[in-house]
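One-letter residues, chain by chain:
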Amino acid sequence: MSTHAVVALIVTYNRKKLLNECLSSLLEQSAPLKKIVIIDNNSLDGTNELFESGKFSNFETVIYKRLAANIGGAGGFHEGLKFINENFDCEWVWIMDDDTIPAKNALAELLNGSNILKNEKVSYIASSIFGPQNEPMNVPTISLNKAPNGYSFWYQYLKEGMISIRQATFVSLLISKRAIDAVGYPLKSYFIWGDDTEYTLRLVENYGPAFFNGKSIVLHKRKNCKALSIRKEENENRVKMYKYFYRNKLNNYSLYYPKSAFLWEYLKCLVLGFYLLFDFKTSFRIKKSCAVQKAWWSFNWLKFTHKRLQ
């Protein structure tokens with residue numbers, strides 16, 4: 001295995017213009033990439049043209065795989081990591097959404113961080129994410145693991161521009177291939193939202209510590225840069241997707257958080273489903289109420305039947 005051999009993974013769906021920008025930024029990285037794998041969730045906007053006859057058709061570094069159906073971001077990352085793990089000899093896999101635009105030295109800084117952390121059993125390193133107006137986005141959760149004397153020591157590598165974290169998102173994440181071998185792939189049945197939370201928590205709990213690198217800068221061109229909120233959601237087409245958000249959130253809390261924290265989230269979800277129904281100031285209140293209640297019942301059915309999301 002060559003030193004710092006890195007394969008990048010982009011999952012895309014119907015965002016041809018943004019994918020073009022994302023992929024162009026990867027090809028311009030100051031640190032070399034062994035391969036760039038694009039998993040297309042059966043886009044309908046002509047994304048395939050970029051690779052069949054367009055701008056990226058003659059790049060040997062770029063591998064384009066179009067899926068037969070849209071299986072969501074979770075399914076795309078599952079299939080992408082599986083494909084890379086089975087076909088390439090590398091040390092790291094750098095994953096991101098198609099609206100992720102890394103700075104030219106973003107990968108180099110992640111790899112510099114991995115050198116500093118060479119004595120750690122690192123599961124992944126996350127970049128520092130900003131929105132189009134330089135607003136904070138995709139902020140990771142700081143690790144509360146304690147040093148032998150009982151104090152939290154998340155700032156152990158702060159002077160090198162890194163802190164210890166517990167969870168992150170799939171917006172520029174450098175994952176150790178050994179960690180992938182150890183814990184497997186994201187849960188494709190999550191479809192969308194919460195799959196990155198579950199996977200990054202699983203990596204930390206079952207493989208090794210994770211870190212946030214403040215020197216690796218990435219622009220996230222998400223259309224709505226605000227944190228997800230069903231009450232504030234104005235896109236009617238997105239409302240039904242919140243059933244995945246709340247179902248997956250409950251599942252994550254049941255797996256990785258103390259029972260008291262899970263019970264609190266469980267009750268909040270139950271109350272929210274009914275509250276939205278009578279919140280006449282909220283747009284699409286009936287659809288929003290149905291989405292949350294579907295999530296709550298779906299989670300309960302999983303527990304009742306002893307099934308697991310996979």
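Bear in mind that the values here come from a model prediction, so they are computed numbers and not experimental data.

Chemist: Lay out the overall build of the protein in plain terms, naming residues and giving numbers.
Modeler: The helix and strand inventory of the protein stands at ten helices and ten strands. Considered along the principal axes of its C-alpha atoms, the protein spans approximately 60 × 55 × 40 Å. Relative to its full complement of 310 residues, the protein shows a buried share of 52%. Of the contacts made within the protein by residues no fewer than 6 positions apart, 80% connect residues no fewer than 24 positions apart. Taken as a whole, the protein presents about 15,700 Å² of accessible surface, with 54% of it coming from carbon and sulfur. Here the protein contributes 41 positively and 28 negatively charged side chains, and the mean placements of these two sets differ by 6 Å.

Chemist: Explain the packing of helix α8 (residues 242-256) against helix α9 (residues 259-277) to me, and be specific about the residues and the numbers.
Modeler: When two helices pack together, their arrangement is captured by the angle between the axes and the distance separating the axes. Two numbers describe how α8 lies on α9: the axes approach to 8 Å, and their chain directions differ by 160°. One finds that α8 runs roughly antiparallel with respect to α9. You can see that α8 and α9 cross each other, and the crossing is left-handed. Touching Tyr246, Lys249, Leu250, Tyr253 and Ser254 of α8 are Ala261, Phe262, Glu265, Tyr266, Cys269 and Leu272, all from α9. Among the residues forming the contact of α8 with α9, the class breakdown is eight nonpolar, one polar and two charged.

Chemist: Lay out empty space enclosed by the protein with the relevant residues and their values.
Modeler: Applying the stated criterion to the full structure yields one cavity of 30 Å³ or more. As a volume, the largest cavity reaches approximately 40 Å³. Lining the largest cavity, in full, are Ala126, Ser127, Ile129, Asn138, Pro140, Ala168, Thr169, Val171, Ser172 and Leu173. With three residues, the single largest contributor to the lining of the largest cavity is strand β6 (residues 124-130). Partitioning the lining of the largest cavity into residue classes produces six nonpolar, four polar and no charged.

Chemist: Now, about the environment of isoleucine 217: what can you tell me, with residues and values included?
Modeler: For isoleucine 217, the position within the fold is in strand β10 (residues 210-220). Residue isoleucine 217 is classed as partly exposed on the basis of its relative accessible area of 32%. Once residues within four sequence positions are removed from consideration, isoleucine 217 is found in contact with Pro102, Ala103, Ala106, Ser128 and Phe130.

Chemist: Tell me about unusual backbone geometry, and please be specific about residues and values.
Modeler: A positive phi is found at serine 172, a non-glycine position, where the angle reads about 70°. On the secondary structure map, serine 172 appears in the loop between β8 (162-167) and β9 (173-176). Owing to a relative accessible area of 0%, serine 172 belongs among the buried residues under this scheme.

Chemist: Explain the packing of α8 against helix α10 (residues 285-304) to me, using residue names and the numbers behind them.
Modeler: The contact between α8 and α10 brings their axes to 7 Å, and the two run at 40°. Our classification of the angle between α8 and α10 gives oblique. When you trace α8 past α10, the crossing you get is right-handed. Here Tyr242, Lys243, Tyr246, Arg247, Leu250, Asn251 and Ser254 of α8 come into contact with α10, specifically with Ala291, Val292, Lys294, Ala295, Trp296, Ser298, Phe299, Leu302 and Lys303. Here the residues of the contact of α8 with α10 are counted per class, giving nine nonpolar, three polar and four charged.

Each value, and the rule that gives it
- Residues numbered from 1 in each chain as written.
- Predicted model: local features only at pLDDT ≥ 70, side-chain atom pairs only at ≥ 80, totals over all residues.
- Heavy atoms only, no water.
- Helix = DSSP H or I, 4+ residues; strand = E, 2+ residues; numbered from the N terminus.
- Buried < 20%, exposed > 50% of the residue type's maximum accessible area, 1.4 Å probe, protein only.
- Contact = heavy atoms within 4.5 Å.
- Areas by Shrake-Rupley, 256 points an atom, 1.4 Å probe, with all protein chains shown as cover.
- Lys, Arg positive; Asp, Glu negative; His and termini not counted.
- Charge placed at Lys NZ, Arg CZ, Asp CG, Glu CD.
- Axes fitted to C-alpha atoms, helices over the stretch in contact; angles between N-to-C directions.
- Parallel < 35°, antiparallel > 145°, perpendicular 65-115°, else oblique.
- Left-handed = near helix turned anticlockwise from the far one by under 90°.
- Nonpolar A, V, L, I, M, F, W, Y, C, P; charged D, E, K, R; others polar.
- 1 Å grid on protein atoms, 1.4 Å probe; cavity = no way out; pocket = protein on both sides within 12 Å on 5 of 7 lines; lining within 4 Å.
- Points joined across faces, edges and corners; volume = space filled by probe spheres on them.

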